[in-house]
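In case you want the letters, here they are:
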Amino acid sequence: MPALVVVGGQWGDEGKGRIVDLLAKEAHIVARYSAGNNAGHTIINELGEFALHIVPAGIFYPDKLCVIGNGVVVDPAVLLGEIEHLEERGIEVKGRLFLSDRAHVLMPWHRLLDALDEQMRGENAVGSTGRGITPAFIDKVGRSGVRVADLIDPESLLAVLELRVPYKNRLLEGVYGAKPLNFDDIYAEYKDFGARLAPYVADTSDLVQKGLAAGDTVLLEGAQGALLDLDFGTYEYVTSSVPSSLAAGAALGVGVGPTQIKDVVGVFKAYNTRVGAGPMPTELFDETATILRDGGPRPEYGSTTGRPRRCGWFDGVAARYSSRINGITAAVLTRLDSLDPLPAIKVCTSYQVGGRRVDTMPAATLAMAQAQPVYEELPGWQSDTSQCRKWEDLPTQAQSYVRYIQDILGATICIVSVGPERDQSIHVQGLL
Ligand code: IMP
């Protein structure tokens, strides 16, 4: 069985973790392929509620292997904390979780530089998660990172740090006027992290390849969403993962060929949200925004930073674009129940930019910031869908809404979720 990718179709927080948790049941291997602990997902299952930032969502099934691929940047303290937390709650992690020896390590200067750079940008700050992710990817691309293979070998770690720390200190002191970091402290702390993580480290590309050759189903779990992509997102208000979280990044981020990916599942929320700065044409500031943010069983606050999410109507222009650049073959629509109280629901079908009607996302930041949404209005259903378990249970207006979104995406919607619990899902068509 080939691999299947699960990607976020909007600005992240679409509920990918929840969907991976659901699909993982039928898979053998679940692998993360990009980003770092800027991502976060909350999973609610029979074992309780969990917030994960690095460990793939498949960890809750005892028979699945979980992989943190070479495309991920890993903060060792965060990963070790998650492993410890999962084990404390009775979830066996050893022998099931594998970390790529080629993944990059998030170092103390990355967090510092993230904060200092945001400060320097002032009112143009991106609103990063402050986890050091962009500086870590800058170092990866600039050939001055630290990789897991170095972390777990004290001699290599020493050699790499001897090159990196003085250089980073010159940058911190000279450019930002910040205090230098202490070499000995970093070496001692990271040598210890390396020793504790070593049992999890593997050539994960080989592991995934062997699984595929043996007929395993491999779920490749994306982070964030297409509109935060470095090339195709709302630049410069994007994240800097290399490879990207787009479906095309999945092959590179775990080390398989693109021909091994069969399906791309795009996860879309029934409306739009965004955390951090940057254009969001359908953003609302009225009572509807409050209903979307605070009205549902899971209020819209970032699972990594706790920041309130900006809320707005479903942006069909962005969703169509995202569906195409990801090559989506199937879709999932989440949080349909959040629309339950609304008498009417709007969907943006095109933008008005500088007096012109456009139906795709402009590349220029300024044009995107000026884009005015043109809406189509659909009737609401004003009834509780959280108890619906079959397509026929949904009110006809809700069915029409789902079909309307499906036409925009140009891909079949296979699952509709109506609440945070694992069983609050309507399987319209089988995915696996
Ligand atoms: P960074 O990835 O921390 O550098 O943040 C860059 C931008 O991406 C900011 O607008 C963040 O709010 C956004 N971002 C990063 N990760 C996530 C995520 O998992 N969900 C939603 N937004 C995110």
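The structure presented is a predicted model; accordingly, all values stated were derived computationally and were not measured.

Novice: Please clarify how the nonpolar core should be interpreted in this entry.
Specialist: If you look at soluble globular proteins, the nonpolar side chains tend to sit buried side by side. Ranked by size, the top nonpolar core spans 58 residues in total, and within it I59, L79, L86, L97, L99 and L219 carry the most contacts. Apart from residues no more than four positions distant in its own chain, L79 is found in contact with I54, V55, I68, V74, L97, L99 and L197. Counting 55 residues, the second-largest nonpolar core is a separate cluster that includes V67, L220, L342 and V416.

Novice: Even after reading the chapter, I still don't get helix α11 (residues 316–326), so can you show me in this structure?
Specialist: Spacing of three or four residues puts side chains on the same side of an α-helix, whose turn is 3.6 residues. In terms of residue burial, α11 counts as a mostly covered element, since 9 of its 11 residues are buried. Along α11, the residues classified as buried are G316, V317, A318, A319, R320, Y321, S322, S323 and N326. In this structure, the buried side of α11 is in contact with β1 (3–8), α9 (247–254), β11 (261–269), β14 (314–315), β16 (344–353) and α13 (396–409). Put simply, D315 is the residue that caps the front of α11, since its side-chain oxygen is 3.0 Å from the backbone nitrogen of V317. Trailing α11 by a residue or two, G327 shows a phi angle of about 65°, which is positive.

Novice: How should I be thinking about the side chain of D340 in this particular structure?
Specialist: Mapping D340 onto the fold places it in the loop between β15 (330–334) and β16. A polar atom in the side chain of D340 sits 2.7 Å from the side chain of W381. Only 2.8 Å separates the side chain of D340 from the backbone nitrogen of T385, close enough to count as a polar contact. Residues within four places of D340 in sequence aside, it is in contact with W381, Q382, S383, D384, T385 and S386.

Novice: Sorry, what's going on with the pattern of salt bridges here?
Specialist: Enumeration over the complete set of coordinates arrives at 18 salt bridges. A salt bridge links K262 to D263; the nearest nitrogen and oxygen atoms lie 2.9 Å apart. For K262, a relative accessible area of 49% corresponds to the partly exposed category. Taken together, the shared-partner salt bridges connect D13, K269, E300, R309 and R335 into one network.

Novice: Sorry if this is basic, but what is going on with the packing of aromatic side chains here?
Specialist: Any two aromatic rings considered together are summarised by their centre-to-centre distance and by the angle between their planes. Taken as a whole, this structure holds 4 aromatic pairs when the rule is applied. Between F50 and F60, the aromatic rings sit 4.5 Å apart at their centres with planes inclined by 50°, giving tilted as the arrangement. Residue F50 is found in strand β4 (residues 48–52), and its partner F60 is found in the loop between β4 and β5 (65–68); the two are separated by 10 residues along the sequence. Neither F50 nor F60 differs from the other in exposure class; each is buried. Between W381 and Y401, the aromatic rings sit 6.0 Å apart at their centres with planes inclined by 55°, giving tilted as the arrangement. Separated by 20 residues along the polypeptide, W381 in the loop between β18 (372–379) and α13 and Y401 in helix α13 bring together distant segments of the chain.

Novice: Quick question: what am I supposed to make of the site of the ligand here?
Specialist: Taken together, 17 residues lie near the ligand, and N38, T129, T239, V275 and R307 sit nearest. D13 has a polar side-chain atom sitting 3.1 Å from a nitrogen atom of the ligand. For the ligand, whose unbound accessible area comes to 470 Å², protein coverage reaches 97%. When grouped by side-chain class, the residues that make up the shell around the ligand number 6 nonpolar, 9 polar and 2 charged.

Novice: Mind showing me how you'd approach the pairing of strand β19 (residues 412–417) here?
Specialist: The side chains of a regular strand alternate, first on one face of the sheet and then on the other. Burial analysis of β19 places 5 of its 6 residues in the buried class, the great majority of the element. Note that β15 and β19 share 4 bridges and pair parallel. Bridge pairing in β19 places A330 opposite T412. Two strands pair when backbone bridges link them, and β19 and strand β20 (residues 425–427) are joined in this way by 3 bridges, in the antiparallel orientation. Residue pairing for β20: I415 is matched across the bridge by H427.

Here is what the cut-offs are and how they apply
Residues numbered from 1 in each chain as written. Predicted model: local features only at pLDDT ≥ 70, side-chain atom pairs only at ≥ 80, totals over all residues. Heavy atoms only, no water. Core = buried A, V, L, I, M, F, W, Y, C linked by side-chain atoms within 4.5 Å. Buried < 20%, exposed > 50% of the residue type's maximum accessible area, 1.4 Å probe, protein only. Contact = heavy atoms within 4.5 Å. Helix = DSSP H or I, 4+ residues; strand = E, 2+ residues; numbered from the N terminus. Polar contact = N/O pair within 3.5 Å; in protein donor to acceptor, adjacent residues only side chain to side chain. Salt bridge = Lys/Arg side-chain N within 4 Å of Asp/Glu carboxyl O. Phe/Tyr/Trp six-rings, centres within 6.5 Å; stacked < 30°, edge-to-face > 60°. Near = heavy atom within 4 Å. Areas by Shrake-Rupley, 256 points an atom, 1.4 Å probe, with all protein chains shown as cover. Nonpolar A, V, L, I, M, F, W, Y, C, P; charged D, E, K, R; others polar. Pairing = 2+ DSSP bridges.

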